[in-house]
Each structure stands twice: as C-alpha cells, then as structure tokens.
Amino acid sequence: MKSLQIKILALILSAMIILASLVGITCVISTRYLLKRDANTMLNTTSEVQKVQLNILLKNIKQSVEIVETCSIYEADSIEALQNDDVFRKEYTDHIFRLFTNVTNHTPNALSYYFRYNPEFFSPTEGFFRSKENGSSDFEFVEPTNLNMYEPNDDKNVGWYFIPARKGSPAWIMPHQNRDSDYYLLSYVIPLYIGDKLLGVAGMDVDFEDIMKSVDSIIVYNTGYAYLTDSNNRIVYHKHFDP
C-alpha cells in the first residue's frame, strides 16, 4: 500500500514538474513576443515622430524657395531687359537678395541660399550665394561658382544648378558634398523662367549631417535603429552602409 502511495506521489510530482516546465517555456515565449512587440511599437512610434519633424523641416525649405520663385517672375518682363540694362539687372538682383534674405531668416535649419543667373545669357558667376561658414550663426557672402568651368553633366560639382535646369522643374538634390566647404548638403532648387526662357535658379541648402544625427538618435533596446528613405522607398541614409 505504501509503495502504491509512493508511486502515486511520484507521478503527481512528475506531472507538476512537467506542468511547471511547460508554463515556464510558455512564459519565456510570451515574454519574448511581448518584448519584440513593444520594441517594434516603440521604434515605429519614435520613427514616426522624427519623420513628422523632418517633413516639417523640408516643407519649410521648399516653401521658402517657392516664395522667391513666385515673387521673382513678376519683377522682369524679359530676359533681354535684364541683359541690356546693367542698372536694372542690379536692382532686380538686389530685390531678389533682400526677399531671399528675409525669407531665409525665418526658415529654421537653412544653411545657405542662392540665386544664380543662366550662364547662357549672363556672366557665369552672376548672382549671389550666402552661407553659414565654419559653424557661424550668420550668413556670409561666398564667391559664386563659375558655372562655365564645369560640364553640364557634372552633377557632383554643379548638379545643384544643372539638374533642375535640365528637368525644367523643381528638384531635391540628393545629399552631396559642397565643393566650397566641408558641409554635406541636401538642397532644394527651383529653375526660374521668364516666358519660356530659363533665367536661372534659386535654391536653399540644409546641413544633411544634422538629419543624419537625428536619424541615428533613434535607438530602441540597443539594437533597434532607423534609416531614411525617399518617397519612392529608396534608401537615402543608412548608418551601416552607403546607399
């Protein structure tokens, strides 16, 4: 009888051990699932917040250049009028400069802004370029690039001018190194037309390294991270490899 009781007790203990093991395994699996779900939720939420902030920054840049475009086309009747009258051209350039300066001063994160004439009709250095140099908080005049020193397909050095000029429409210039400074830039540039003739371009730059730092700051549980894509889901920035 005692032997039977011992066997029954042993079976009960074995069943309890097995049940406890199964519960333990279930808990571990559930915990891992919950941690993974929470990590994904946290990463997606954090990324969404950063995406909204980044879109606001880029929208501000875009709208600022569009204001300059809208105002500039009403100030000159023809390219010939600007070509043939140096005084008028200077007044026109000064007007664009004052307008662009005012707009840029109300555009957070703008690093540089510029208005350049079409070298087919004007001097290849005509226009202006202002930038925050060497970490300065103030915009300074920078000598404009001589556009005739480069081939129109040299997008690495002068894509900021020739890409929108070729397209005939506004363009975001993907992150690129500025040839006159150490800045890594993202640019928005609009070609300016009088009638069907290209007058030149107006553009604004933002420091892309600031955007990279913002993306890199998104970290969840030490291993979760974010990367940046464009509207076509092409990778623009990834911390582990170059696009």
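Further up the page is the structure itself.
Report follows, based on the coordinates. All figures in this text were calculated on a predicted structure; none of them were measured in a lab.

Quick look at the overall build of the protein chain
Here is step 1 of the chain: Helix and strand content of the protein chain: five helices and ten strands.
Here is step 2 of the chain: By residue count, 38% of the 243 residues in the protein chain fall in the buried class.
Here is step 3 of the chain: In the protein chain, of all internal contacts separated by at least 6 residues, the share reaching a separation of at least 24 is 51%.
Here is step 4 of the chain: Approximately 14800 Å² of the protein chain is accessible, and the part contributed by carbon and sulfur atoms is 56%.

Concerning helix 3 (residues 86-104)
Here is step 1 of the chain: With 19 residues, helix 3 ought to run about 27 Å at 1.5 Å a step, and its terminal C-alpha atoms sit 26 Å apart, in line with that.
Here is step 2 of the chain: The complete set of buried residues in helix 3 reads Arg89, Tyr92, Thr93, Ile96, Leu99, Phe100, Thr101, Val103 and Thr104.

What to know about unusual backbone geometry
Here is step 1 of the chain: Look at Asn109: it is not a glycine, yet its phi comes out positive at around 75 degrees.
Here is step 2 of the chain: Tracing the backbone through its elements, the reader meets Asn109 in the loop between helix 3 and strand 1 (110-117).

Some words on the side chain of Ser131
Here is step 1 of the chain: Relative to the helices and strands, Ser131 resides in strand 2 (residues 127-131).
Here is step 2 of the chain: Each residue touching Ser131, except ones within four places of it in the same chain, is listed here: Leu111, Ser112, Asp138, Phe139, Glu140 and Val142.

Description of the packing of aromatic side chains
Here is step 1 of the chain: Applying the stated criterion across every chain yields a total of 17 aromatic pairs.
Here is step 2 of the chain: Between the aromatic rings of Tyr92 and Phe115, the centroid separation amounts to 6.3 Å while the plane-to-plane angle is 65 degrees, which identifies the pairing as edge-to-face. Here the residue Tyr92 occupies a position in helix 3, and Phe115 occupies one in strand 1, the gap between them amounting to 23 residues. Judged on exposure class, the residue Tyr92 and its partner Phe115 are both buried.
Here is step 3 of the chain: A centroid spacing of 4.7 Å and a plane angle of 50 degrees characterise the contact between Tyr117 and Phe122, whose relative ring orientation is tilted. With respect to class, Tyr117 is no different from Phe122; both count as buried.

Considerations on the side chain of Asn118
Here is step 1 of the chain: Residue placement: Asn118 occurs in the loop between strand 1 and strand 2.
Here is step 2 of the chain: Reaching out from Asn118, the side chain makes a polar contact with the backbone nitrogen of Glu120 at a distance of 2.9 Å.

Structural notes on the pattern of salt bridges
Here is step 1 of the chain: Taken as a whole and assessed by the stated rule, the structure comprises six salt bridges.
Here is step 2 of the chain: Across the salt bridge formed by Lys197 and Glu80, the nearest N and O atoms sit 2.5 Å from each other. In this pair, Lys197 is assigned in strand 6 (residues 197-207) and Glu80 in helix 2 (residues 79-84), connecting sequence segments 117 residues apart.
Here is step 3 of the chain: Its relative accessible area of 33% is what places Lys197 among the partly exposed residues.
Here is step 4 of the chain: Of the charged contacts, one joins Asp86 and Arg89 as a salt bridge, the two residues approaching to 2.9 Å between their closest N and O atoms.

A few points about the environment of Val201
Here is step 1 of the chain: Tracing the chain through its elements places Val201 in strand 6.
Here is step 2 of the chain: A residue is classified by how much of its surface remains accessible, and Val201, at 0% relative accessible area, is buried.
Here is step 3 of the chain: Separated by 39 residues in sequence, Val201 and Phe162 have C-alpha atoms that sit 9.1 Å apart.

Brief notes about the nonpolar core
Across soluble globular proteins, you tend to see nonpolar side chains buried next to one another.
Here is step 1 of the chain: Among the nonpolar cores identified, the biggest contains 37 residues, and Leu82, Tyr92, Phe100, Phe115 and Leu199 are the most heavily contacted of them.
Here is step 2 of the chain: For this core, the secondary-structure elements that each account for two or more residues are helix 1 (2-72), helix 2, helix 3, strand 1, strand 5 (184-194), strand 6, helix 5 (208-216) and strand 10 (235-237).
Here is step 3 of the chain: The dominant element in this core, judged by the number of residues it contributes, is helix 1, at six residues.
Here is step 4 of the chain: Listed in part, the 15 residues of the second largest apolar core include Val158, Ala165, Ile173 and Val201.

Rules used in this analysis
Residues numbered from 1 in each chain as written. Predicted model: local features only at pLDDT ≥ 70, side-chain atom pairs only at ≥ 80, totals over all residues. Heavy atoms only, no water. Helix = DSSP H or I, 4+ residues; strand = E, 2+ residues; numbered from the N terminus. Buried < 20%, exposed > 50% of the residue type's maximum accessible area, 1.4 Å probe, protein only. Contact = heavy atoms within 4.5 Å. Areas by Shrake-Rupley, 256 points an atom, 1.4 Å probe, with all protein chains shown as cover. Expected span 1.5 Å × (residues − 1). Phe/Tyr/Trp six-rings, centres within 6.5 Å; stacked < 30°, edge-to-face > 60°. Polar contact = N/O pair within 3.5 Å; in protein donor to acceptor, adjacent residues only side chain to side chain. Salt bridge = Lys/Arg side-chain N within 4 Å of Asp/Glu carboxyl O. Core = buried A, V, L, I, M, F, W, Y, C linked by side-chain atoms within 4.5 Å.

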